[in-house]
Amino acid sequence: MKRRNLLLAGVSLLVLWYLLAMLVNRPILPTPMAVLIALWHELTRGNLLAHFMASFWRVIASTLLAVLTAAPAGLMLGQSKWLNDLFSPVIYLLYPIPKVVLVPIVLLFFGVGDLPKVIIIFLILFFQILVLVRDSAAGLRPELIQSVRSLGAGRRALFRYVYLPASLPAVLTALRQSVGTAVAVLYVAELFATQRGLGYYIYLNGSTLFNYPAMYGGVLMMSLLGLGLYFGVDLLERRLCPWKLAA
Amino acid sequence: MIELDRITFAYPGAKPLFQDFSWQVNRGEAWAVLGTSGCGKSTLLYLLAGLRFVQSGQLRIDGSPLTRPRPQTGLIIQDYGLLPWATVRQNVELGLRVRNFYGPDGTHAPRGYKPSLEVEPWLERLGLSSVVSQYPGQISGGQRQRTAIARTLALQPDLMLMDEPFSSLDAPTREGLQRLMLELWAEQALTMVIVTHSIEEAAVLGQRILLLGKSPNQTAQIIDNPGATADHFRESETYSRMCRLLRERLEET
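About the thresholds
- Residues numbered from 1 in each chain as written.
- Chains lettered and ligands numbered in written order.
- Predicted model: local features only at pLDDT ≥ 70, side-chain atom pairs only at ≥ 80, totals over all residues.
- Helix = DSSP H or I, 4+ residues; strand = E, 2+ residues; numbered from the N terminus.
- Rg over C-alpha atoms; globule rule 2.2 N^0.38 Å.
- Contact = placed C-beta atoms within 7 Å.
- Pairing = 2+ DSSP bridges.
- Axes fitted to C-alpha atoms, helices over the stretch in contact; angles between N-to-C directions.
- Nonpolar A, V, L, I, M, F, W, Y, C, P; charged D, E, K, R; others polar.
- Expected span 1.5 Å × (residues − 1).
- Bend = angle between axes of the 7 residues up to and from the residue.
- Domains from an automatic or database assignment.
- Core = buried A, V, L, I, M, F, W, Y, C linked by C-beta atoms within 7 Å.
- Buried ≥ 20, exposed ≤ 12 C-beta atoms within 10 Å, placed from the backbone.
- Parallel < 35°, antiparallel > 145°, perpendicular 65-115°, else oblique.

Caption draft 1: Local environment of the overall build of chain B. Helix and strand counts for chain B stand at seven helices and 10 strands. Rg of the C-alpha trace for chain B: 18 Å, near the compact-globule value of 18 Å for 253 residues, within the 12% margin. Each principal axis of the C-alpha distribution contributes one length, and for chain B these read about 50 × 40 × 30 Å. Taking the intrachain contacts of chain B between residues at least 6 apart in sequence as the baseline, contacts between residues at least 24 apart amount to 68%.

Here it is in structure tokens:
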């Protein structure tokens, strides 16, 4: 995608927003200008930045945790038919459950603070990465494995030179697919049992303080969080998987 | 160099492909293994590569029974076996990287091996200098197979095993690579075993030809073809006669 087109799309959306705000003409839909001014105010003098960082940290921590646990587990399942036969029915049942319905349960068990939020996002990412890495490891052609083994590679070298690089794109694809859901569920999770995070901030300004421009500012920041993570994954993919661009 | 002493091999639940089968390959020979599909010719190569194991009898290379892939054996397969995420240069370096990873332990790399990543001469010899930083997905089938050959030769093998290496290439590319293989065979003093279903390829590359038939294979049917590796053999009368003979024998089995 061209950068110019992206910019054009962004400006068009702002114009559309502006026209809608003019048309609706009620406090529940402020103009982009009013929101941007409120956003600036909240970022510099309010504590929106702290709320943003709280949400950001939760996503990053759970992502790291999910990659570090799900990628090795997926690699193991993908290499061993026996392990996969054992676990795949469990995964088959758990994978499609919308993890957002687990929010109340996780909150009950882990109470207030960051941990329950991190766990919820972790659960979403974990299954996605697990399944994609498993399938990519299982999908490696036996001829490729045999031919690398014929070069002298044992289990460790196969892991280092074949399985590890082969699972990298799967991890990134899984992140790309689920980072949006993760941010959405984070929002829901932050409505409960916390006073930090964008979810709390948006809810507080919208339903208690009735500060609509500030609320919209929070929504913008949440969108930026999702967008930024998505771009981040894109950037990593371009850095780490140059052959995908070349093909 | 290779001794098969009354070996038996069967896949689980299938009748044996080889039964009490014996065969010998001397150092420096160029062999072609010819047969129709399902005759066990690829299996034979995988046995020689140490990727599958005989159920009875003995398979010895250089006098010692084979229990795992041998560092001095190179294997080339039909679909190249290249890493799609690595450039041509990185793919050619792969075998050396694996050796450097383990060090000269005698099982993954020969004892006395000195770690190196020197592949430049091989890239040049195989005409890959212009594509070193491309990925396998970006180059032609012939270039991919050259990459696989360079990767194997960089390990300085004494035994080269090839499983239908040129079957998916177009005719001019195939003939070019067959000539190149014969040059390399002479240059590097290789022992070469090439598995093929193509009568023409067997006639051109095999000084000696092992014919496999319906399983179980019990005796080695061998046809001598001493002219094979000579220049312009392809245009000779001997070549045409050899192809006819092989065709007849293949129909009988």
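Caption draft 2: Spatial organisation of the sheet that holds strand S4 (residues 56-61) of chain B. All names here are of chain B. One open sheet holds the four strands; their spatial order is S2-S1-S4-S5, and the pairing between them is antiparallel. If you trace the sheet from one side to the other, it starts and ends with strand S2 (18-25) and strand S5 (64-65), each paired once. Alignment of strand S1 (residues 2-9) against S2, held across five bridges, turns out to be antiparallel. The residue bridging Leu4 from the neighbouring strand is Trp23, located in S2.

Caption draft 3: Highlighting the sheet that holds strand S6 (residues 73-76) of chain B. All names here are of chain B. One open sheet accounts for six strands, arranged S6-S7-S8-S3-S9-S10; its pairing is mixed. Every other strand in the sheet has two partners, leaving S6 and strand S10 (221-224) as the edge strands with one partner each. Geometrically, the sheet is characterised by an average inter-axis angle of 20 degrees between neighbouring strands, direction not taken into account. Strand direction decides the pairing type here: strand S3 (residues 30-34) and strand S9 (residues 208-211), joined by four bridges, are parallel. Residue Leu34 lies in a different strand from S9, and its bridge partner there is Leu211. Along the sheet, helix H7 (residues 237-252) makes contact with S3, S9 and S10, crossing S9 at roughly 20 degrees.

Caption draft 4: Quick look at unusual backbone geometry. Residue Pro216(B) is reached from Ser215(B) by a cis peptide bond, and omega for that bond is -5 degrees. Mapped onto the elements, Pro216(B) comes out in the loop between S9 and S10. We note that Ala193(A) has phi near 50 degrees; this positive angle belongs to a residue other than glycine. Mapped onto the elements of the fold, Ala193(A) is located in the loop between helix H8 (155-189) and helix H9 (198-208).

Caption draft 5: Spotlight on the interface of chain A and chain B. Each partner contributes to the interface: chain A provides 19 residues, whereas chain B provides 23 residues. Contributions of two or more residues to the side of chain A that touches chain B are made by helix H7 (142-150), H8 and helix H11 (242-246) of chain A. Broken down by element, the residue count for the side of chain A that touches chain B peaks at seven residues, all from H7(A). When grouped by side-chain class, the residues that make up the side of chain A that touches chain B number 11 nonpolar, five polar and three charged.

Caption draft 6: Structural view of H8(A). Between its first and last C-alpha atoms H8(A) spans 42 Å; for 35 residues at 1.5 Å apiece the expected length is 51 Å, and the helix comes up short by more than 12%. A maximum bend of about 45 degrees is found in H8(A) at Ser178(A).

Caption draft 7: Layout of the domain arrangement of chain B. Residue and element names in this part refer to chain B. By domain assignment, chain B separates into domain 1 (1-72 + 158-253) and domain 2 (84-156). Taking only C-alpha atoms, the centre of domain 1 and the centre of domain 2 are 24 Å apart. Take the side of domain 1 that touches domain 2: its biggest share by element is three residues, from helix H5 (residues 171-187).

Caption draft 8: Molecular detail of the nonpolar core. Formed by 126 residues in total, the largest nonpolar core has its most connected members in Ile121(A), Ile129(A), Val133(A) and Ala150(B). No other element matches H8(A), which puts 17 residues into this core. Two domains each put at least three residues into this core: domain 1 (1-72 + 158-253) and domain 2 (84-156) of chain B. If we ignore the near neighbours within four places in the chain, the residues touching Ala150(B) are Val92(B), Val119(B), Trp122(B), Leu123(B), Leu126(B) and Leu128(B).

Caption draft 9: Looking closely at the environment of Ile60(A). Residues and elements named next belong to chain A. The residue Ile60 is located in helix H3 (residues 48-79) in this model. C-beta crowding within 10 Å serves as the criterion here: with 14 such atoms nearby, Ile60 is assigned to the partly exposed category. For the pair Ile60 and Val118, spaced 58 residues apart in sequence, the C-alpha to C-alpha distance is 8.9 Å.

Caption draft 10: Spatial organisation of the packing of helix H2 (residues 32-44) of chain A against helix H10 (residues 212-240) of chain A. All names here are of chain A. In the contact formed by H2 and H10, the axes pass within 8 Å of each other and the chain directions differ by 80 degrees. Relative to H10, the element H2 is oriented roughly perpendicular. Between H2 and H10, the contacting residues are Ala34, Val35, Ala38, Leu39 and Glu42 on the first element and Pro213, Ala214, Tyr216, Gly217 and Leu220 on the second.

Caption draft 11: Spotlight on helix H1 (residues 41-49) of chain B. All names here are of chain B. Among the nine residues in H1, nine count as buried, and that is most of the element. Restricting attention to buried positions, one finds in H1 the residues Lys41, Ser42, Thr43, Leu44, Leu45, Tyr46, Leu47, Leu48 and Ala49. A positive backbone phi angle near 80 degrees is found at Gly50, which sits one or two residues after H1.

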